[in-house]
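Structural characterization, general
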Amino acid sequence: QVHVVESGGGLVQTGDSLRLVCAASGLTIRSYAMGWFRQAPGKEREFVAVINWSGGSTYYPDSVKGRFTISRDNAKNTVYLQMNSLKPEDTAVYYCAASRNAALAIKQLEYDYWGQGTQVTVSS
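This section reports on the structure supplied with the text. (Residues numbered from 1 in each chain as written. Predicted model: local features only at pLDDT ≥ 70, side-chain atom pairs only at ≥ 80, totals over all residues. Heavy atoms only, no water.)

The description of two aromatic rings rests on the distance between their centres and on the angle between their planes. Tallied over the entire structure, the rule returns six aromatic pairs. Taken together through their ring pairs, the aromatic side chains of Phe37, Phe47, Tyr59, Tyr111 and Trp114 make up a single cluster. The ring of Tyr95 has Arg45 lying over it, and the distance from NZ or CZ to the ring centre is 3.9 Å. Geometry around Trp114 places Arg45 over its ring, the cationic atom sitting 4.8 Å from the centre. (Phe/Tyr/Trp six-rings, centres within 6.5 Å; stacked < 30°, edge-to-face > 60°. Lys NZ or Arg CZ within 6 Å of the ring centre and 35° of its normal.)

Okay, structure coming up:
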């Protein structure tokens, strides 16, 4: 049975940093592109970052580019999202997901497995 579990969320102030961790079990993430999405209250879930199977390629939307960094440790079956210079608009539930079909998937439909999410709240 596949489990994807996010951790590391919390309440921080504007300008602070957080590192989210995504731990997978029941699958070997080296075969998957791994992504992060987020959903703010009243808004649709949106793409945040993706990393290909080897870690050699990443992609971010403009809203987080230069502030967020996705990385992975295939030996630990773990993915990370380093978030710096956080803003109140980054407040959301952050989800980790695994895609077996796309090298750099940015659409939710391209992902096969999802975690339950971790809350990130940035106060002004």
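Structurally, Asp90 is set in the loop between strand S8 (78–83) and strand S9 (92–99). Residue class for Asp90 comes out buried when judged on its relative accessible area of 0%. (Helix = DSSP H or I, 4+ residues; strand = E, 2+ residues; numbered from the N terminus. Buried < 20%, exposed > 50% of the residue type's maximum accessible area, 1.4 Å probe, protein only.)

In this section: the sheet that holds strand S7 (residues 68–73). Taken together, the four strands give an open sheet; going across it, the order is S1-S3-S8-S7, and neighbouring strands pair in antiparallel fashion. Only two strands of the sheet have a single partner each, and these edge strands are strand S1 (3–7) and S7. Direction aside, the axes of adjacent strands within the sheet are offset by 15 degrees on average. Judged from the six bridges that link them, S7 and S8 form a sheet pairing that is antiparallel. Its bridge partner lying in S8, Ser71 is registered against Tyr80. (Pairing = 2+ DSSP bridges. Axes fitted to C-alpha atoms, helices over the stretch in contact; angles between N-to-C directions.)

What follows concerns unusual backbone geometry. One non-glycine residue, Asn77, lies in the positive phi region at around 55 degrees. Tracing the sequence through the fold places Asn77 in the loop between S7 and S8. One non-glycine residue, Ser85, lies in the positive phi region at around 50 degrees. Looking at the element boundaries, Ser85 is found in the loop between S8 and S9. On the basis of relative accessible area, Ser85 is assigned to the partly exposed category, the value being 40%.

It is possible for side chains of opposite charge to pair when their charged atoms get near one another. If you walk through the whole model with that rule in mind, you get five salt bridges. Of the charged contacts in the structure, one is a salt bridge between Arg67 and Asp90, with a shortest N-O distance of 2.7 Å. Placement of the pair is Arg67 in the loop between strand S6 (58–59) and S7 and Asp90 in the loop between S8 and S9, with a sequence separation of 23 residues. When its relative accessible area of 11% is taken as the criterion, Arg67 is described as buried. (Salt bridge = Lys/Arg side-chain N within 4 Å of Asp/Glu carboxyl O.)

Read these as layout, nothing more, since geometry by itself doesn't imply function.
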